[in-house]
Protein chains: 2
Amino acid sequence: MKFLHTSDWHIGRQLHNHSLLEDQRVVLGQIVDLAERHQVDALVVAGDVFDRSVPPSQAIELLDEILARLVKDLAIPVIMIAGNHDGAQRLAFASKHMQQSGLYIVGPLSNPPQAIRIKSKQGDDAVFYPLPYAEPALVRELYGLELTSHQQAMQVLLDKVAEDDSQGLSKVVVAHCFLDGGDESDSERPLSIGGADKISPRLFSEFSYTALGHLHGPQYKGQPHIRYSGSPLKYSFSEQHQAKSVSLVTITQGKAEFELLPLRPLRDVRVIEGYLDELLQAELDEQARQDYLMVRLLDKSAILDAMGKLREVYPNVLHLERTGLMANKQQLELNRQHMSRDEFDMFSDFFSQVSGEDLSDEQREVLLQTISQLHERVY
Amino acid sequence: MKFLHTSDWHIGRQLHNHSLLEDQRVVLGQIVDLAERHQVDALVVAGDVFDRSVPPSQAIELLDEILARLVKDLAIPVIMIAGNHDGAQRLAFASKHMQQSGLYIVGPLSNPPQAIRIKSKQGDDAVFYPLPYAEPALVRELYGLELTSHQQAMQVLLDKVAEDDSQGLSKVVVAHCFLDGGDESDSERPLSIGGADKISPRLFSEFSYTALGHLHGPQYKGQPHIRYSGSPLKYSFSEQHQAKSVSLVTITQGKAEFELLPLRPLRDVRVIEGYLDELLQAELDEQARQDYLMVRLLDKSAILDAMGKLREVYPNVLHLERTGLMANKQQLELNRQHMSRDEFDMFSDFFSQVSGEDLSDEQREVLLQTISQLHERVY
């Protein structure tokens, strides 16, 4: 049994208000090519397929295109679960009618969890258990059990998976959750505040493989067969040093082995630091100039239209920090914190979409205060 | 070959800000029951499945439920096209993968139009040609032909249908458009202004049957086998006298016969007129009291909280007109016109959704003026 494990596609996502659709088309195309080249028996997407519950129609078209290539053209079954970013009902509309074609989109959680047997070309079929992201309250209601934490909810689901009779075939769990000790990036939306979302990796040890989604850096937790594939693209500057990949998983007699197959983005996401003159004169190839950049300028004097000058050389500068101008180190740290605050970004995006106007300085201030008060109260 | 023809479900639609989802669940359930009782070979939905391109998730759930009953439980193939209200891409996401199960959701138009052969229990299969709603500009681009009107665009599509070799089987066209001479209701959104959307029924005469959507009243145009099924519910008070139904179509040796199967709404949509005291004392059964009502009050004196008093007896009064108070007949006519103006309703819904506030009197005035100026300019 050989399959590709990927997650967190976040189709439709923007990076600092810049659409990444073209970049997503390129890496998702690479994933299709890898699936074909390695003749896999299935492809697994462990949640956060779209970036929002109501994705833009271009994002829907892109996914449609990718699924047509995988499922129709290459006849590779696809198992896809909803993550915390996806609208579970919306993602899984009419999905019952797709299973016959080999497309398994699992939106809302069911009781018991679905079991999908995937045929292997080598004859060693495996059973996949897709567990879409679900709040503990939903699991409580669906299974009629008292539970409050993500850990308890996952235990309930995994007990069902353990009970299921797979007729001796390997069991693969597909889930979208936060395992204790995972390395976070700035582009993940916390599942809940204050650590209540954390699940012990021990819960998963008995299954042949656990294909996880949520964390954007590739990593394993507890044991090597309990893995996050990571996202196929860098979705924040905090991910600048991550190497993005898909995991090629081979299960032989119940034991999983894996290989990380690297993905090559259309444009890299990098942070560069220096004085304006240096940066403008740096010798770079065309590809590197096109990268998505955060620039930290060390110049201490005022510069007229620094962004305009930089963009003549680096057309995709997305963010500029005047590090040199920040007399006050604390202020700089504060600014960085603000930038990484997902809640702030999300609310301000939401506000401008709904009102057609950007937040005023006063409104930003109130919002920042509110968010930091909330954080203080919780931690 | 026996099938049900329905259209204009408009799932998620509201009537005067009142959700009709419960009412829609009831009539769509009746349609499923009729499909089962009459053992049909297929069910056709001729567009405007949802009311908006981005339907609310409850609307998606309802359609999911109805399709599961039809396609999974009863194994009745469903052919569904996008209408002018639907988001074609969004509606048809992953639809390629559903066809094997007997669910054909046709969103964006293709070149040539799709041909779907449906098996008949009587052995006389038929080929269905779903033509989703498409602007002439889209047809022009897709087919690389010079054309400007809806009539020319439809001619191009129907030429392709005529050319297609159905191996002697009956051809059924499914389309969402406005045939010349059709009876309009207040709840249809014009396809274009000034009559450029009109198509001659003659274009369709050679096919065994044409299943049309767009007009909400059941009717045929030109010849009886070129039919609008009408919507399953009354979506405006202008439809108060329409009897809603689905069309049961039987094709024998290329000739279609039909029967209108009536639908029974959970609540009727009616206009009542009278003096307040009379209306409050009228003897009505419980069912009639629950109807969605527009009330025209003839009283000439001021009445404190007329709506409140009426709702004690008729809980679903949706609109109140003080006919008796309108000294000026012209004003009344003007008000009725405004009420029926789809553009006004749509814009004001949109405005309150986006801004969270209703239009002010001044804004309403400007909007009404703008709309009527546009109409004067066009007609």
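Residues numbered from 1 in each chain as written. Chains lettered and ligands numbered in written order. Predicted model: local features only at pLDDT ≥ 70, side-chain atom pairs only at ≥ 80, totals over all residues. Heavy atoms only, no water.

- Taking an unreviewed UniProt entry as the reference, chain A is identified by name as Nuclease SbcCD subunit D belonging to Agarivorans gilvus.
- As its UniProt record puts it under Sequence similarities (unreviewed entry), chain A is described as follows: "Belongs to the SbcD family."
- Of chain A, the UniProt comment under Subunit (unreviewed entry) reads exactly: "Heterodimer of SbcC and SbcD." (UniProt positions renumbered as here; feature names shortened; annotations may be inferred.)

### Some words on the overall build of chain A
Stage number 1. What chain A contains, in helices and strands, is 11 helices and 19 strands.
Stage number 2. Taken against the 2.2 N^0.38 rule, which gives 21 Å for 379 residues, the C-alpha radius of gyration of chain A at 22 Å falls within 12% of a compact globule.
Stage number 3. For chain A, the residues scored as buried account for 53% of the 379 residues in total.
Stage number 4. A sequence separation of at least 24 residues applies to 67% of the contacts in chain A between residues at least 6 apart.
Stage number 5. A total accessible area of about 17,500 Å² is found for chain A, and carbon and sulfur atoms account for 47% of it.
Stage number 6. One finds the centroid of the 37 positive side-chain charges in chain A at a distance of 3 Å from the centroid of its 55 negative side-chain charges. (Helix = DSSP H or I, 4+ residues; strand = E, 2+ residues; numbered from the N terminus. Rg over C-alpha atoms; globule rule 2.2 N^0.38 Å. Buried < 20%, exposed > 50% of the residue type's maximum accessible area, 1.4 Å probe, protein only. Contact = heavy atoms within 4.5 Å. Areas by Shrake-Rupley, 256 points an atom, 1.4 Å probe, with all protein chains shown as cover. Lys, Arg positive; Asp, Glu negative; His and termini not counted. Charge placed at Lys NZ, Arg CZ, Asp CG, Glu CD.)

### Some points on helix α8 (residues 306-313) of chain A
Stage number 1. Taken residue by residue, α8 of chain A has A306, L310 and V313 of chain A as its buried positions. Each buried residue of α8 of chain A sits inside an arc of 55° when the element is viewed along its axis, so together they form one side. (Arc of directions from axis to C-beta.)

### So, a negative patch on the surface
Stage number 1. Together, D159, E163, D164, D165 and E206 of chain A give the surface a local cluster of negative charge.
Stage number 2. Inspection of the secondary structure puts D164 of chain A in the loop between α5 (150-163) and β9 (170-176). (Patch = residues over 30% accessible without salt bridge, like charges linked within 9 Å, V, L, I, M, F, W, Y side chains within 5 Å. Salt bridge = Lys/Arg side-chain N within 4 Å of Asp/Glu carboxyl O.)

### Some remarks on the relation of the copies chain B and chain A
One copy of the chain maps onto the other through a rotation about an axis followed by a shift along the same axis.
Stage number 1. Mapping chain B onto chain A is achieved by rotating through 180° and translating by 0.0 Å along the same axis, at an RMSD of 0.1 Å. On the angle and the small slide along the axis, the relation comes out as a two-fold axis. Of every C-alpha in chain B, the one belonging to M98 of chain B sits nearest the axis of rotation, 2.3 Å from it.
Stage number 2. Most of the interface of chain B is mirrored in chain A, where 100% of its interface residues are also at the interface. (Least-squares fit on C-alpha atoms with pLDDT ≥ 70 in both.)

### Some words on the pairing of strand β16 (residues 255-262) of chain B
All names here are of chain B.
Stage number 1. When strand β15 (residues 245-252) meets β16, the two strands line up antiparallel, connected through eight bridges. Across the sheet, T250 pairs through a bridge with E257, a residue of β16.
Stage number 2. Hairpin connection between β15 and β16: a loop of two residues separates the two successive antiparallel strands, and Q253 in this loop has a positive phi of roughly 45°. (Pairing = 2+ DSSP bridges.)

### Re the packing of helix α1 (residues 21-37) of chain A against helix α2 (residues 57-73) of chain A
Packed helix pairs are specified by the crossing angle of their axes together with the interaxial distance, meaning the distance between the axes.
All names here are of chain A.
Stage number 1. It is the contact of α1 with α2, at a shortest axis distance of 10 Å, that shows an interaxial angle of 10°. As judged from the angle between their axes, α1 and α2 are roughly parallel. Handedness of the α1/α2 crossing: right-handed. Each of L21, Q24, R25, L28, G29, V32, D33 and A35 in α1 lies in contact with α2, whose residues at this interface are Q58, A59, L62, E65, I66, R69 and L70.
Stage number 2. Tallied by class, the residues present in the contact of α1 with α2 amount to eight nonpolar, three polar and four charged. (Axes fitted to C-alpha atoms, helices over the stretch in contact; angles between N-to-C directions. Parallel < 35°, antiparallel > 145°, perpendicular 65-115°, else oblique. Left-handed = near helix turned anticlockwise from the far one by under 90°. Nonpolar A, V, L, I, M, F, W, Y, C, P; charged D, E, K, R; others polar.)

### Comments concerning the sheet that holds strand β14 (residues 226-228) of chain B
What links the strands of a sheet is backbone hydrogen bonding, and the strands pair in either a parallel or an antiparallel sense.
Residue and element names in this part refer to chain B.
Stage number 1. As summarised here, the arrangement of the six strands in space is β7-β8-β9-β12-β14-β13, forming an open sheet in which the pairing is mixed. The sheet is open, and its two edges are formed by β7 (116-118) and β13 (219-220), each paired on a single side.
Stage number 2. As paired strands, strand β8 (residues 126-131) and strand β9 (residues 170-176) are joined by six bridges and run parallel to one another. Directly across from P130, in β9, lies its bridge partner V174.
Stage number 3. Against the sheet, helix α5 (residues 150-163) contacts β8 and β9, and its axis sits at roughly 160° relative to β9.

### Some details on the interface of chain B and chain A
Stage number 1. In this assembly, 26 residues from chain B lie in contact with 26 residues from chain A.
Stage number 2. Both faces considered, chain B and chain A share a buried interface measuring about 2,500 Å² in area, 58% of it formed by carbon and sulfur atoms.
Stage number 3. For chain B, the biggest contributors to the area lost against chain A are R90, F93 and H97 of chain B; these three give 31% of the whole.
Stage number 4. Our enumeration of links across chain B and chain A arrives at two salt bridges.
Stage number 5. Here K96 of chain B ties to D64 of chain A by a salt bridge, and the two come within 3.5 Å at their closest N and O atoms. (Buried area = accessible area lost by both parts, 1.4 Å probe.)

### Some thoughts on the domain arrangement of chain A
All names here are of chain A.
Stage number 1. Domain boundaries in chain A define domain 1 (2-262), domain 2 (268-328) and domain 3 (341-379).
Stage number 2. For domain 1 versus domain 2, the separation of C-alpha centres amounts to 36 Å.
Stage number 3. With both chains or domains summed, domain 1 and domain 2 bury close to 890 Å², and 68% of this area falls on carbon and sulfur atoms.
Stage number 4. Considering only the surface of domain 1 that becomes buried against domain 2, K234, F237 and Q240 emerge as the three largest contributors, covering 56% of it.
Stage number 5. The tally of links between domain 1 and domain 2 comes to one salt bridge.
Stage number 6. One salt bridge in this structure joins K234 and D268, with 2.8 Å as the shortest N-O distance.
Stage number 7. Remark: the boundary between domain 1 and domain 2 carries four residue pairs in polar contact (both at pLDDT 80 or more). (Domains from an automatic or database assignment. Polar contact = N/O pair within 3.5 Å; in protein donor to acceptor, adjacent residues only side chain to side chain.)

### Remarks on the sheet that holds strand β1 (residues 2-6) of chain A
Residues and elements named next belong to chain A.
Stage number 1. Judged by pairing direction, the sheet is mixed, and its six strands sit side by side in the order β6-β5-β4-β1-β15-β16 without closing on themselves. With partners counted over all chains shown, the strands left at the sheet margins are β6 (103-106) and β16 (255-262), one partner each. Along the sheet, successive strands turn relative to each other by an average axial angle of 20°, direction set aside.
Stage number 2. Of the pairings in the sheet, the one linking strand β4 (residues 42-45) to strand β5 (residues 78-81) comprises three bridges and is parallel in character. The partner of V45 across the bridge, within β5, is M80.
Stage number 3. With respect to the sheet, α1 is in contact with β1, β4, β15 (245-252) and β16, its orientation differing from that of β1 by roughly 165°.
Stage number 4. Here α2 sits on the sheet and contacts β4, β5 and β6; the angle it forms with β5, its principal contact strand, is near 145°.

### What about the packing of aromatic side chains?
All names here are of chain B.
Stage number 1. One pass over the structure, following the stated rule, counts 10 aromatic pairs over all chains.
Stage number 2. On the basis of an interplanar angle of 80° and a centroid distance of 5.1 Å, the ring pair of F3 and F128 is categorised as edge-to-face. Remark: F128 occurs in strand β8 and F3 occurs in strand β1 (residues 2-6); sequence separation between them is 125 residues. Just as F3 is buried, F128 falls in that class too.
Stage number 3. Ring geometry for F3 against Y209: centres 5.7 Å apart, planes inclined by 75°, an arrangement best described as edge-to-face. Of this pair, F3 sits in strand β1 while Y209 sits in strand β12 (residues 209-213), and the two are 206 residues apart along the sequence.
Stage number 4. Residue classification places F3 among the buried residues on the basis of a relative accessible area of 0%.
Stage number 5. Assessed through its relative accessible area of 0%, Y209 is described here as buried. (Phe/Tyr/Trp six-rings, centres within 6.5 Å; stacked < 30°, edge-to-face > 60°.)

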